[in-house]
Amino acid sequence: MRRLIQLGTLSLLPIACPALLAGETTRTDPAAIEFFEREIRPLLVAKCQSCHGEKKVRGGLRLTGRSALLKGGDSGPALVPGKPEQSLITRAVGYEGDLKMPPTGKLSDREITKLKRWVAQGAPWPDAARPVPAPPGEKFEPSEAQRRWWAYQPVRPVTPPNVANASWARTEIDRFILAELEKRGMAPARPADRRTLLRRASFDLTGLPPTPEEVEAFSKDDAPDAFAKVVDRLLASPAYGQRWGRHWLDVVRYADYHDGNPTTRTASCEPLNAWRYRDWVVVSLNRDLPFDQFIVHQIAGDLLPSPEGKEIYTEGLIATTFLTNGSWDRGDADKEKMVSDMVDDQIDTTGKAFLGLTLGCARCHNHKFDPLSQTDYYALAGIFYSTRILKELGAKGAEYTLNRVPLVSKAVVAQRAEQLKSLSQINARLAEFDKKSPKPAAADRARLLLVKQRDRMQAELLPEPPVAEAAQEGGTPGGLFPKIQDVPLHIRGSYTRLGPVVPRRMPQFFAGERQPKITAGSGRRELANWVASRDNPLTARVIVNRIWQGHFGAGIVRTPNNFGMLSEPPSHPALLDWLAAKFVEDGWSLKRLHRRILLSATYQQSSVVGRDQLVRDPENRWLARFTARRLEAEAIRDAMLFVSGRLDPATGGPAAADLNTTRRSLYVQTARWDRSTFAMLFDAANPDASEEKRTVSTVAPQALFLLNNDFALVQAKQFMERLIREVPMDETARMQRAFHLLFGRPANAEEMRIAWQIVAPSSKEGAGTAWRDFAHVLLCSNEFVYLD
């Protein structure tokens, strides 16, 4: 009952860390340091350090380290960690007072936003004392520590360890988990009850709750494979691809649009067909496309032959939207800088999504921590500079035009072009007829024939071909690198200072120094095959870790986008290797991986343990229990629609702008420039960059949304109407039906007492309002939005 009566409360945690509330982060946080190295250090070097560096110091201020910022200059400290609104540096670049920096011109809004984000993170700045690789131009030599780093070693064959309590283990996974627990004198939790387990699996695999009928059937199924049948049913559901497709879209910084307002979008640079990629992801996951092919399609799908022998491989083209749907400036006056940022986004997202490497950190210098040289970066940059994603750059200050590729054959495109040309000619002749006055009878007859011809041609006109914002071979028309070519190293990451030309290739530490030379094409085919190789030590480990995180709330490696030397080492390294090896043996099948995890005793544990276990392992690193967690934004909204009986099961197509649509949240638009949505309120992924793991905040507006927003009120009303429709006479049975629909269990005596307090005092005329309030209370309860 504790959860039921906590109306609108979305957190079970009574306290929060003051440093986190202040927006601070430790200086060793890998994601924050990666953000600094990739976004902030280059910005400070390019825009600030010419006047506030080591050689020139204006106003007594150096911007060369965190301590220098804290010390400040003539105007006082430049930095208040965690508080951008109080920091002089962010006020100055925002031109908010008398001090305006840089004096030569205000930073772009994106640059100011990045700087504020960095300050809000606590302004992490890695110590200068850390060892760094050799400077560009010298031979890059990885350190011994880098050579020995666990993630860079081949996936090794592992035998599950022996354990004392062997009877507990259902699968090999359990032996790895139990061995670590026994080392620490810990024991696993008891199994979760069947209702809890079914609700957990249903949300995990489909993002939707089980029906009361499914709960009852599972509770009565005494067969040894009862849960295995449930898992197979859920994996076969179309909702599986929708659920796990959303997980993948977080990783690839997916957005339906930049601008959330349909009336103000600029068609030339909006990813108007991004939804085709989203649908491809869903379909691919539902049919269990082997993950190595899932990778190849997204990096080089336009280069794959059609399995049916057709001229156009539609799926391959659509999949490469992965490369074109990024967050970058649209009408930048510096077009070459804009293109270099696009290439950087492609390198960075590819590295994080598939390899768990922060490749983007080597743009301006050798990577500070991992065995990646700046030369490696520009070897990859040549591959993406040789890839065409823009039709045209546009004039200075004007917006670019995305490359949209027809999803039909060239012959069909040419035929339609001829039809349009003929129609244009007929319309021109009709316009000439209309100018003549008076018109002789013969002219009227000729005009009538033309009208008939025009109408017939319009009826025969081929439909406008669907298109995809796909990648193709070739560089950026009108850009610095307009064709397939190797590119020079950019000194300090700037295209205005070019160094030696770097041949296109893979990173040498990982792919070796004797790589075959790329002699034809951009090199994306070679890149895709290398990333998706069973010999790549990173790829299988990274995706297995992501799937594990999706089921347990945290990965075996808790930095899923970064397996480099700043990452936290795996809690169970032998298990990670065993899972990765099995995954590849299983043909890179994600569904078989899900099944293997869910059938383990580890996954099927209860989340309830004694205080001693909580104290000994508060973060549940060793998995002696299941970690209770709040549902994601999409699952909360979809579950409300589902229990009210209004969820539209339709799949695919463009996203809706209206939150009140009855379609799944996957089909409600994600817009990069709109941070005011329901999804963002409940911590949806930021589509500006690859999101390795969503944050979970607890703020008053979340409760206020569930209490007062029209969407929540409508769902409460619809849920009430469903209850009355299904149980029209017996009010006690109606209350119990509500509990079964929302929680998969009956109400206990205390809950029934409170329910009657809500419903009973109402007059006959107010009964509808009382039952709506009852429905609303249940929808706002913690138990509804938490997963045990």
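Cut-offs used in this document
Residues numbered from 1 in each chain as written. Predicted model: local features only at pLDDT ≥ 70, side-chain atom pairs only at ≥ 80, totals over all residues. Heavy atoms only, no water. Helix = DSSP H or I, 4+ residues; strand = E, 2+ residues; numbered from the N terminus. Rg over C-alpha atoms; globule rule 2.2 N^0.38 Å. Buried < 20%, exposed > 50% of the residue type's maximum accessible area, 1.4 Å probe, protein only. Contact = heavy atoms within 4.5 Å. Areas by Shrake-Rupley, 256 points an atom, 1.4 Å probe, with all protein chains shown as cover. Lys, Arg positive; Asp, Glu negative; His and termini not counted. Charge placed at Lys NZ, Arg CZ, Asp CG, Glu CD. Salt bridge = Lys/Arg side-chain N within 4 Å of Asp/Glu carboxyl O. Axes fitted to C-alpha atoms, helices over the stretch in contact; angles between N-to-C directions. Parallel < 35°, antiparallel > 145°, perpendicular 65-115°, else oblique. Core = buried A, V, L, I, M, F, W, Y, C linked by side-chain atoms within 4.5 Å. Left-handed = near helix turned anticlockwise from the far one by under 90°. Nonpolar A, V, L, I, M, F, W, Y, C, P; charged D, E, K, R; others polar. Polar contact = N/O pair within 3.5 Å; in protein donor to acceptor, adjacent residues only side chain to side chain. Expected span 1.5 Å × (residues − 1). Arc of directions from axis to C-beta. Phe/Tyr/Trp six-rings, centres within 6.5 Å; stacked < 30°, edge-to-face > 60°. Lys NZ or Arg CZ within 6 Å of the ring centre and 35° of its normal. Disulfide = S-S within 2.5 Å.

S.K.: Before we move on, can you summarise the overall build of the protein with the specific residues and values?
M.R.: A count of helical and extended segments in the protein gives 33 helices and ten strands. Computed over its C-alpha atoms, the radius of gyration of the protein comes to 29 Å, within 12% of the 28 Å expected for a compact globule of 788 residues. Expressed as lengths along the three principal axes of its C-alpha atoms, the size of the protein is roughly 85 × 85 × 60 Å. Within the protein, the fraction of its 788 residues that count as buried is 55%. Put simply, of all contacts in the protein between residues at least 6 apart along the chain, 68% involve residues at least 24 apart. By element, 54% of the accessible surface of the protein is carried by carbon and sulfur atoms, the whole surface being about 34400 Å². With 108 positive and 93 negative side-chain charges, the protein shows a spacing of 2 Å between the two charge centroids.

S.K.: Just give me the short version of the pattern of salt bridges, but keep the residues and values in it.
M.R.: Summed over the entire model, instances satisfying the criterion amount to 50 salt bridges. Linking Glu632 and Arg243 is a salt bridge whose minimum nitrogen-to-oxygen distance equals 3.0 Å. A residue pair is termed long-range when its members are at least 10 positions apart, and Glu632 in the loop between strand E9 (629–630) and helix H26 (633–643) and Arg243 in helix H11 (residues 238–251) qualify at 389 residues. The network of salt bridges with common partners includes Glu213, Arg722, Glu726 and Arg737.

S.K.: Lay out the packing of helix H22 (residues 539–552) against helix H23 (residues 573–585) in plain terms, naming residues and giving numbers.
M.R.: It is the contact of H22 with H23, at a shortest axis distance of 9 Å, that shows an interaxial angle of 105 degrees. By the angle between their directions, the pair H22 and H23 is classed as roughly perpendicular. Contacts between H22 and H23 involve Ala540, Arg541, Ile543, Val544, Asn545 and Trp548 on the former and, on the latter, Leu575, Leu576, Asp577, Leu579, Ala580, Phe583 and Val584.

S.K.: Just give me the short version of the nonpolar core, but keep the residues and values in it.
M.R.: Judged by nonpolar contacts, the single largest core of 128 residues is most densely connected at Trp248, Tyr277 and Trp548. In contact with Tyr277, not counting residues within four places along its chain, are Trp248, Leu249, Val252, Tyr254, Gln298, Ile318, Ala319, Thr321 and Phe322. Counting residues in each nonpolar core, the second largest holds 42 residues, with Phe705, Phe711, Ala738 and Tyr786 among its members.

S.K.: With reference to specific residues and values, describe the packing of helix H12 (residues 274–286) against helix H13 (residues 291–300).
M.R.: Between H12 and H13, the least distance of the axes is 12 Å, while the angle of their chain directions is 165 degrees. Our classification of the angle between H12 and H13 gives roughly antiparallel. Here H12 runs over H13; the crossing is right-handed. Contacts between H12 and H13 involve Tyr277, Trp280, Val281 and Ser284 from the first element and Phe294, His297 and Gln298 from the second. For the contact of H12 with H13, the residue count by class is four nonpolar, three polar and no charged.

S.K.: Tell me what's going on with the side chain of Arg199, and back it up with residues and numbers.
M.R.: Mapped onto the fold, Arg199 is located in helix H8 (residues 194–206). Put simply, Arg199 is tucked away with no salt bridge, and the nearest opposite charge, on Glu783, sits 6.4 Å away. Within the structure, the side chain of Arg199 is placed 3.0 Å from the backbone oxygen of Phe784, a separation counted as a polar contact. Aside from chain neighbours lying at most four places away, what touches Arg199 is Pro210, Leu742, Phe743, Glu783, Phe784, Tyr786 and Leu787.

S.K.: I'd like to hear about H23, residue by residue, with values.
M.R.: In an α-helix, one turn spans 3.6 residues; hence positions three or four apart end up facing the same way. In a regular helix each residue adds 1.5 Å, so 13 residues correspond to 18 Å; H23 covers 18 Å between its end C-alpha atoms and thus fits that length. Within two residues after H23, Gly587 carries a phi angle of roughly 75 degrees, on the positive side.

S.K.: Now, about helix H24 (residues 590–598): what can you tell me, with residues and values included?
M.R.: When we look at burial in H24, the residues that qualify are Leu590, Lys591, Leu593, His594, Ile597 and Leu598. Angular distribution of buried residues about the axis of H24 spans 160 degrees; they occupy a single face of the element.

S.K.: Please give an account of unusual backbone geometry that cites residues and values.
M.R.: In most cases, non-glycine residues show a negative phi, while peptide bonds are predominantly trans. Residue Pro102 is bonded to the preceding Met101 through a cis peptide linkage, with omega at -5 degrees. In this structure, Pro102 sits in the loop between helix H4 (88–93) and helix H5 (109–120). The residue Tyr95 is not glycine, and still its phi comes out positive at about 55 degrees. Tracing the backbone through its elements, the reader meets Tyr95 in the loop between H4 and H5.

S.K.: Pulling in residues and values, what's your account of the environment of Arg287?
M.R.: Relative to the helices and strands, Arg287 resides in the loop between H12 and H13. Overall, Arg287 belongs to the partly exposed group, its relative accessible area being 43%. Within the structure, Arg287 has its side chain in polar contact with the side chain of Glu315 (distance 2.9 Å).

S.K.: Please provide a residue-by-residue account of the packing of aromatic side chains, values included.
M.R.: Enumeration according to the criterion identifies 30 aromatic pairs in this entry. Ring geometry for Trp280 against Phe294: centres 5.2 Å apart, planes inclined by 5 degrees, an arrangement best described as stacked. Placement of the pair is Trp280 in helix H12 and Phe294 in helix H13, with a sequence separation of 14 residues. Across this residue pair, the class does not change: Trp280 and Phe294 are buried. One aromatic cluster in this structure is built from Trp248, Tyr254, Tyr277, Trp280, Phe291, Phe294, Phe322, Phe354, Phe583 and Trp588. Sitting above the plane of the Phe322 ring, Arg253 keeps its charged end 5.7 Å from the centroid. Sitting above the plane of the Tyr667 ring, Arg663 keeps its charged end 4.2 Å from the centroid.

S.K.: Give me the side chain of Ser327: which residues, what numbers.
M.R.: Within the secondary structure, Ser327 sits in the loop between helix H15 (321–324) and helix H16 (335–355). Judged by its relative accessible area of 10%, Ser327 falls in the buried class. For Ser327, the side chain forms a polar contact with the side chain of Asp688, separated by 3.1 Å.

S.K.: Quick rundown of the environment of Arg596? Include the residues and the values.
M.R.: Considering the arrangement of structural elements, one finds Arg596 in helix H24. Residue Arg596 is classed as partly exposed on the basis of its relative accessible area of 21%. Excluding residues that lie within four positions of it along the chain, Arg596 makes contacts with Ile173, Trp578, Leu579, Lys582 and Asp586.

S.K.: Describe in detail the state of the cysteines, supporting the description with residues and values.
M.R.: Each disulfide consists of one covalent bond between the sulfur atoms belonging to two cysteines. According to the stated counting rule, one finds zero disulfides in the structure shown. You can see Cys364 has no disulfide; the closest cysteine sulfur is in Cys361, sitting 9.6 Å from it.

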